[in-house]
Amino acid sequence: MLIPQSEFDLLASQGKVELVGSPSPAWLGVPAQTPKATIGVLVVQHYENENAYDLRDFGISQFGGGHIALAIERRRAEDALRKNEENVRLLFSQ
């Protein structure tokens, strides 16, 4: 989503969002999605220029968010595999 300050203020007045930290006139957020799930969100904010981001930035962020999510998923799988290998080694050593 591309959320200018005016839209954020409207969402805040409706209780749908909460301001944490300093207000930012420009907010861009995209889901970090893998084929299986959404695992987070990639967000950038600009604290001075409400028009700092446009649809091109949104598209680039979507592309990056997907790659970041896949990298996180891959790392989690590697960590789980490493832990399982350690457990198997410990089991056989005992």
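Residues numbered from 1 in each chain as written. Predicted model: local features only at pLDDT ≥ 70, side-chain atom pairs only at ≥ 80, totals over all residues. Heavy atoms only, no water.

### Things to note about the confidence of the model for the chain
And then number 1: Averaged over every residue, the pLDDT of the chain is 91; residues scoring 70 or more account for 100%.
And then number 2: Across the chain, element-level confidence peaks in helix α2 (residues 55-93) with a mean pLDDT of 92 and bottoms out in strand β1 (residues 2-4) with 87. (pLDDT = per-residue confidence, 0-100. Helix = DSSP H or I, 4+ residues; strand = E, 2+ residues; numbered from the N terminus.)

### So, the sheet that holds strand β2 (residues 26-33)
And then number 1: The three strands lie next to each other as β1-β2-β3, forming an open sheet whose pairing is antiparallel. Unpaired on one side and paired on the other, β1 and β3 (38-46) mark the two borders of the sheet. The average angle at which neighbouring strand axes cross in this sheet is 20°, direction not considered.
And then number 2: Pairing of β2 with β3 involves eight bridges; the strand directions are antiparallel. Directly across from Trp27, in β3, lies its bridge partner Gln45.
And then number 3: Packing against the sheet, α2 makes contact with β1, β2 and β3, and its axis sits at approximately 40° to β2. (Pairing = 2+ DSSP bridges. Axes fitted to C-alpha atoms, helices over the stretch in contact; angles between N-to-C directions. Contact = heavy atoms within 4.5 Å.)

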